[in-house]
Amino acid sequence: MAKPIRAKKSFGQHFLHRTDIAEKIAYSLNREKDYGHVLEIGPGQGMLTQFLTDRAFTLHAIEADRDMIPILAEKFPDLKDRIIQGDFLKLHLGEQFKEEQIAIIGNFPYNISSQILIRMVDSRWLIPELVGMFQKEVAERVVAPPGSRTYGVISVLCQAFYDAEYLFTVDRSAFDPPPKVQSAIIRMTRKENYELGCDPKLFRKVVKQAFSQRRKMLRNTMKAMLVDSPLLEEEFFTLRPERLSVEDFVKLTKWVAAM
Ligand code: SAH
């Protein structure tokens, strides 16, 4: 019998042991016809991977833990040459996949889940879709609509370019070892038109600035970016950041750009 694998904390390892859930996640990619490649982040021992091989797309995988590579190579001989050993956060997607469209899937390590989302946004022209397991609380923030308590920077940055859907909750007991918190699967589908109509770098700065004090009116938080502007007297600036839609943030960014 194979030696049991002890999960490593440093790699954020929580192995899914529910095959039915793994299958459901693997089939949550729903725009498969639009792309030829899928990258699985953190395959571990291949729980999700087993439902991703033999599909219409070409599967690739990146795994940080060296010890997992021989296990994966043995289980999935056809995938062997497309397993990258390394840190996803250091991967140059465009170079690695020759600027081809590549969807992302994974039961992500929680310690880097927000950074994975930021990378998705930063490489949005390459990533048409992402399906992933997140800490439930992060998943809720990503999909939160304007006006809700959990709507914040990550919601706006993701929803500016992607349609975000909360698919289902996964109980702690589905993992070995069980994490401290509940998990959830979300699907991000890139918008048909993902041009913002304003400078995306400035957009990010504006969103961060507006949420730097989420209980304060924009009149106060945006003062430094709109020095002495008469705009600050307008009704719009009595709002708090959590009321603003993506379009409102675009409008605000254009005002800042015109200063
Ligand atoms: N998909 C597997 C394992 C999930 S645990 C399952 O569902 O059972 C998260 C996995 O991500 C682990 O295998 C861990 O080694 C890997 N990992 C952690 N940090 C990573 C990183 N920066 N880049 C790529 N993989 C990483």
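This structure is a prediction, so every number in the text was calculated from the model and none was measured. (Residues numbered from 1 in each chain as written. Predicted model: local features only at pLDDT ≥ 70, side-chain atom pairs only at ≥ 80, totals over all residues. Heavy atoms only, no water.)

### Quick word on the site of the ligand
Put simply, the rule reads: One heavy atom within 4 Å of a molecule or strand is enough for the residue carrying it to be called near that molecule or strand. Throughout this description, a polar contact denotes any pair of N or O atoms lying within 3.5 Å of each other; where both atoms belong to protein, one of them has to be capable of donating a hydrogen while the other can accept it, and for residues adjacent in sequence the pair is counted only when both atoms sit in side chains. Surface accessibility in these figures is a Shrake-Rupley result with a 1.4 Å probe; residues are shielded only by whichever protein chains are displayed. A cavity here means a set of points on a 1 Å grid, drawn over the protein atoms and nothing else, where a 1.4 Å probe fits but cannot get out; a pocket is an open set with protein on both sides within 12 Å along at least five of seven lines, and a residue lines either one if it has an atom within 4 Å of a point. Each molecule is checked against the cavity or pocket grid, and it sits inside if more than half of its atoms lie within 2 Å of the grid points.
Near the ligand there are 21 residues, and of these Gln13, Gly42, Glu63, Asp87 and Asn107 occur at the shortest range. Between Pro43 and the ligand, the recorded distance is 3.5 Å, taken from a backbone N or O atom to a nitrogen atom. Within the contact set of the ligand, an oxygen atom lies 2.6 Å away from a side-chain nitrogen or oxygen of Asn107. For the ligand, whose free accessible area comes to 570 Å², the fraction covered by protein is 96%. At a threshold of 2 Å from the grid points, most atoms of the ligand map onto the largest pocket.

### Section: the pattern of salt bridges
Just so we agree on the cut-off: The salt bridge definition used is simple: a Lys or Arg side-chain nitrogen within 4 Å of an Asp or Glu carboxyl oxygen. The numbering of helices and of strands both runs from the N terminus, where a helix is a DSSP run of H or I of at least 4 residues and a strand a run of E of at least 2. Burial classification: accessible surface area is computed with a 1.4 Å probe over protein chains only, and a residue below 20% of its type maximum counts as buried, one above 50% as exposed, and the rest as partly exposed.
Using the criterion set out here, one finds 12 salt bridges in the structure. With its nearest N and O atoms 3.2 Å apart, the salt bridge here joins Arg214 to Glu242. Of the two residues, Arg214 is situated in the loop between helix 7 (200-210) and helix 8 (218-221) and Glu242 in the loop between helix 8 and helix 9 (246-257); the sequence distance between them amounts to 28 residues. Between Glu242 and Arg215 there is a salt bridge, and its shortest N-O distance comes to 3.3 Å. Highlighted residues: Glu242 in the loop between helix 8 and helix 9 and Arg215 in the loop between helix 7 and helix 8, separated in sequence by 27 residues. Judged by its relative accessible area of 13%, Glu242 falls in the buried class. Overlapping salt bridges, with partners in common, bring together Lys8, Asp65 and Asp67 in one network.

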